[in-house]
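Examination of the molecular architecture
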Amino acid sequence: MPLRHIFLLVGLFAITLAIRWPNLGRPMSKHHEFCTATALRVLTVWHQEGIASKGFNPATNFAGAANKYINNHASGSGQMIDKVGNYYYVSHPPLAYYLPYAVFCALRIEPGALPLQYFNLFINLLCGLGIYLLARKLLPGSNWVGLLAATIYWFTPAVLWFQSNVYMSDMMAQPFYIGAVLLALYALDRPKAITTIGLAIVCFLGTYTTWFGMLVAVSLGLYFIFRAFSRPKYFWVVGLLVLSQVAALGLMAWQYSQIAGWAAYTAELGHRFGVRAGNELPLSVFAMIFLFNNIVNYGLLLLAPLALWFFSRNREPIPFLKQLLLLAMLPIALMYLLLGNYTGHDFTTLYLSVPLSAGVAVSAMYLTGLGLRNAVIKIILIVAIVTGPALYVIANPYGEKSFNNDYYNTQMLKGQLLAQEPVDAMLFIKGSTTSIEALWYAKRNIKNVGSEVSALEFMKLHGINKGVTFETPRGNELVKCKVLYLQLNEP
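Residues numbered from 1 in each chain as written. Predicted model: local features only at pLDDT ≥ 70, side-chain atom pairs only at ≥ 80, totals over all residues. Heavy atoms only, no water.

**Quick notes on the overall build of the protein**
The secondary structure content of the protein amounts to 19 helices and 4 strands. By the compact-globule yardstick of 23 Å for 491 residues, the protein fits well, its C-alpha radius of gyration being 24 Å. Relative to its full complement of 491 residues, the protein shows a buried share of 53%. Looking at the protein alone, contacts between residues at least 24 apart form 73% of all its contacts between residues at least 6 apart. (Helix = DSSP H or I, 4+ residues; strand = E, 2+ residues; numbered from the N terminus. Rg over C-alpha atoms; globule rule 2.2 N^0.38 Å. Buried < 20%, exposed > 50% of the residue type's maximum accessible area, 1.4 Å probe, protein only. Contact = heavy atoms within 4.5 Å.)

**Some remarks on the pattern of salt bridges**
One pass over the structure, following the stated rule, counts 8 salt bridges. A salt bridge links Asp189 to Lys137; the shortest N-O distance between them is 3.1 Å. Of the two residues, Asp189 is situated in helix H7 (residues 169–189) and Lys137 in helix H4 (residues 113–138); the sequence distance between them amounts to 52 residues. Residues Glu421 and Lys480 are paired through a salt bridge, measuring 3.3 Å at the closest nitrogen-oxygen approach. Remark: Lys480 occurs in strand E4 (residues 479–485) and Glu421 occurs in the loop between helix H17 (410–419) and strand E1 (425–430); sequence separation between them is 59 residues. On the basis of relative accessible area, Glu421 is assigned to the buried category, the value being 8%. On the accessibility criterion, Lys480 (40% relative accessible area) is partly exposed. (Salt bridge = Lys/Arg side-chain N within 4 Å of Asp/Glu carboxyl O.)

**Description of the sheet that holds strand E3 (residues 466–471)**
Reading across from one edge, E2-E1-E3-E4 is the order of the 4 strands in this open sheet, with mixed pairing throughout. Because the sheet does not close on itself, it has two edges, and the strands there are strand E2 (446–449) and E4. The mean inter-strand angle of the sheet, taken between neighbouring strand axes irrespective of direction, is 30°. (Pairing = 2+ DSSP bridges. Axes fitted to C-alpha atoms, helices over the stretch in contact; angles between N-to-C directions.)

**Focus on the environment of Ile70**
Within the fold, Ile70 resides in the loop between helix H2 (33–49) and helix H3 (95–107). Given the relative accessible area of 0%, Ile70 is considered buried. Each C-alpha atom of the pair Ile70 and Phe428 lies 9.9 Å from the other, and the pair is 358 residues apart in sequence. Ignoring anything within four residues of it in the chain, the contact list for Ile70 reads Asn61, Gly85, Tyr87, Met426, Asn445, Ile446, Lys447 and Phe458.

**Remarks on unusual backbone geometry**
In the Ramachandran plot, His31 falls in the positive-phi region, its phi being about 50° despite a non-glycine side chain. Judged by relative accessible area, His31 falls into the partly exposed class, the value being 21%.

**Quick notes on the environment of Lys430**
Along the polypeptide, Lys430 turns up in strand E1. Between the C-alpha atom of Lys430 and that of Ser451, which follows or precedes it by 21 residues, the distance is 6.5 Å. Those residues within four positions of Lys430 in sequence are excluded, and the remaining contacts are Val449, Ser451, Glu452, Phe470 and Glu471. Here the side chain of Lys430 touches Glu471 through a polar contact of 3.1 Å, side chain to side chain. (Polar contact = N/O pair within 3.5 Å; in protein donor to acceptor, adjacent residues only side chain to side chain.)

**Topic: the packing of H7 against helix H9 (residues 211–228)**
Look at H7 against H9: their axes get within 10 Å of each other, and the N-to-C directions meet at 10°. Put simply, H7 runs roughly parallel to H9. Counting all contacts with H7, which are made through Ala173, Tyr177, Ala180, Ala184, Ala187 and Leu188, the residues of H9 involved are Phe212, Val216, Leu220, Tyr223, Phe224 and Arg227. Each residue belonging to the contact of H7 with H9 can be placed in one class, and the counts come to 11 nonpolar, no polar and 1 charged. (Parallel < 35°, antiparallel > 145°, perpendicular 65-115°, else oblique. Nonpolar A, V, L, I, M, F, W, Y, C, P; charged D, E, K, R; others polar.)

Next comes the structure, spelled out in structure tokens:
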């Protein structure tokens, strides 16, 4: 990588930091920041009670007897609970929790929203560099294709938001996705042992992070099987990919089955897959959601592939472009086919940034070399650098209020109210649920009940003498109602 490119990449990334700066560290509440709170809850529990005490599994109950046996947005089946009352969120493999936890432990940092956002930004930096290398691999004869690709990637609204304020396994999949596609291209070129083993390791890490990693590995495996009939050496690549997936899935299954047994884990898997794979919406509605999410997160940049296709109709085929589209788009297509409910979340649009940024950059630079006017590249840069941040700010406005005119600090204030209660008191909420953001700010779990009688019965069952009930009588506002005691002689 030329030194001037390093300076330019650092400068471009610094600009994206400036764009994001007003939103960093503000109270979590909007646009999928519940994902960040989900990760923070696990990291905080490990920080409080030790990761080894939870079997290195993602527990969701904070320290203290009053927080145990309460299932807050954790186990869909209700069966992922250990013998001492900790529920576990096992919808994803655990690597995305391990990585920031290891960094926080090494730096002696307590888990918090801002440190986790900084960690996410570092991952974003690595992803941009990976996109640079991916574009240079696709079009090695172009000196500037990598910079164009990194610029497009870093300035898309999806990347600006989901690789800064929002952190979860879904976002941590991105660097392994980019790395797997890049290494696959090297393996297709020359299937050396080090490249093939590196690809298998990256795919292992990707699947040990999230299910999308498995879709990436499956897609690559299918492509290499197809190519292996004309070049048998590729069967070694397929074999190592299969081994990597068996290892990742086997390790995860063994690890999570230690919580409450195989029956409980398979029940949880069945429940989660049933939810995420289901899609009761009509096809037309689902298509509208798909279009809306992608337009919001990519804007006019979505028109670039259409424009470049128009200009390339009567020209030579773009080298490696078909391979990029097959390798990078197939896992996205499988995700939409198999996980209809899951793809309704607009953070899944983040994956499209990989083939979009690299494909647009490679196409534009290649066509310029064949006589296409430089104006096309300038237009693409303007669209990326101007409209990307504009859409980002519209969707995630600076200041105290969100796009929906709600205060960002609403969930934090709820959490602070809950945190005022004694640590030996069990907390209850009647008639509604509490957000993961509020629970994390409180560092407490809160049990949903229908009545005071139900609350007293739950306290008696688990040997807790004191409880506090809350309600939400005016919509989003949390109000303390009553203090409950099992023994009437308590003050």
